[in-house]
Every structure is written in structure tokens, then in C-alpha cells.
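# Structural description and commentary
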Amino acid sequence: QVQLVESGGGLVQAGGSLRLSCVASGRTISSYNMGWFRQTPGKEREFVARISRSGGTTGHADSVKGRFTISRDNAKNTVYLQMNTLKPEDTAVYYCGAAELSSTSRDPRRYDYWGQGTQVTVSS
């Protein structure tokens, strides 16, 4: 199985940028379709972005399209989420997930492994 560790979160002003990283260990990340999700207290985990094993296919939630970009570097066993033009409503704990299924998914229930999350706080 794979272990995931997210980093790169923090406090940023509205309009600012952050880049999240998700480093995998235990197994090569190229074996998995990957996704980024976020969650706030009392709410379900929300899809943010997904990327296929090769990186050739990506998808982003409408709420972040044009502002966030998912990418991966399989040689570094790392998946990234570049977040630009951040808004206060982007405040959440961000999680990366790894899925063994054959295609990417927006459904968090289809992901098999999760990191511990990294907090992103956007001030107005």
C-alpha cells in the first residue's frame, strides 16, 4: 500500500497563492489515479481536482476552475495542487487521495488511501 503526506498549507490573504504537495511512499505513485479534496467542519469531503496515472487527464471542480491546477511528477512520487487567486471560501483542510480504480473519480468513496491533510486558511 501507499502512504501519503501533504504539505504546503498555511495562512494567506485573499488573492494570494499556495502550492500544496502530496508525497507518496511505500509504492510508486504512478500506480494510482490521484485526487485533491477539501473538508470543513461539519461538511462532507468535497472534490477539488483529479489526475490520471500518466497525468494526461485532469479535472477540476467548477468552484476552482481557472484558479487551481493539479499536476504530478511520478519521478518524484509527488502530486501538486497550485492554488492561485485564493478566496476565503477556499479555507479548508486539503487532502490528497490515491485510487486504484481504472479511471479518475470525483467521488471520495472511490479513493483507497488518504493523507492526514494540510490546513489552508484564506483571510479576507
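Right above here is the structure, for reference.
Anyway, here's the lowdown on the structure attached to this text. Treat the numbers as computed from the prediction; the structure is a model and nothing was measured.

Located in the positive-phi region is Asn77, a residue other than glycine, with phi close to 55°. One can find Asn77 in the loop between strand E7 (68-73) and strand E8 (78-83). Of note, the phi angle at Thr85 is positive, near 50°, even though the residue is not glycine. By relative accessible area, Thr85 is classed as partly exposed at 45%.

What follows concerns the pattern of salt bridges. Applying the stated criterion across every chain, the model contains six salt bridges. When the shortest N-O distance is used, the salt bridge between Arg38 and Glu46 registers 2.9 Å. A salt bridge links Arg38 to Asp90; the nearest nitrogen and oxygen atoms lie 2.9 Å apart. Separated by 52 residues along the polypeptide, Arg38 in strand E4 (residues 33-39) and Asp90 in the loop between E8 and strand E9 (92-99) bring together distant segments of the chain. Like Arg38, the residue Asp90 is buried in the burial classification. Via salt bridges that share partners, Arg38, Glu46, Arg67 and Asp90 belong to a single interconnected network.

Here we come to the pairing of E9. Counting buried positions along E9 gives seven out of eight residues, so the element sits mostly inside the fold. Pairing of E4 with E9 involves seven bridges; the strand directions are antiparallel. The residue of E9 that forms the bridge with Arg38 is Tyr94. Taken together, the three bridges between E9 and strand E11 (residues 118-123) define a ladder with antiparallel strand orientation. Looking across to E11, one finds that Val93 is bridged to Gln119.

What follows deals with the state of the cysteines. Counting across every chain of the model gives one disulfide. Sulfur-sulfur distance for the disulfide between Cys22 and Cys96 comes to 1.9 Å. In this structure, the disulfide formed by Cys22 and Cys96 twists by about 50° around the S-S bond and is classed as right-handed. Of this pair, Cys22 sits in strand E3 (residues 18-25) while Cys96 sits in strand E9; the two residues are 74 residues apart in sequence, bridging distant segments of the chain.

Another point: the side chain of Arg38. A relative accessible area of 6% means that Arg38 is categorised as buried. A polar atom in the side chain of Arg38 sits 2.9 Å from the side chain of Asp90. When neighbours within four sequence positions are excluded, Arg38 is seen to be in contact with Glu44, Arg45, Glu46, Val48, Ser63, Val64, Phe68, Glu89, Asp90, Ala92, Val93 and Tyr94.

Another aspect to go through is the nonpolar core. Membership of the largest hydrophobic core comes to 34 residues, with the highest contact counts inside it found for Leu4, Met34, Trp36, Leu81, Met83 and Tyr94. The element best represented in this core is E9, accounting for five residues. Setting aside its immediate chain neighbours within four residues, Met83 contacts Gly16, Ser17, Leu18, Leu20, Arg67, Phe68, Tyr94 and Val120.

Let us look at the environment of Asn74. Here Asn74 lies in the loop between E7 and E8. According to the relative accessible area criterion, Asn74 is partly exposed, its value standing at 26%. Note: C-alpha distance between Asn74 and Cys22 (52 residues apart in sequence) is 11 Å. Apart from the residues lying within four places of it in its own chain, the contact partners of Asn74 are Ile29, Ser30 and Arg53.

Cut-offs used in this document
- Residues numbered from 1 in each chain as written.
- Predicted model: local features only at pLDDT ≥ 70, side-chain atom pairs only at ≥ 80, totals over all residues.
- Heavy atoms only, no water.
- Helix = DSSP H or I, 4+ residues; strand = E, 2+ residues; numbered from the N terminus.
- Buried < 20%, exposed > 50% of the residue type's maximum accessible area, 1.4 Å probe, protein only.
- Salt bridge = Lys/Arg side-chain N within 4 Å of Asp/Glu carboxyl O.
- Pairing = 2+ DSSP bridges.
- Disulfide = S-S within 2.5 Å.
- Polar contact = N/O pair within 3.5 Å; in protein donor to acceptor, adjacent residues only side chain to side chain.
- Contact = heavy atoms within 4.5 Å.
- Core = buried A, V, L, I, M, F, W, Y, C linked by side-chain atoms within 4.5 Å.

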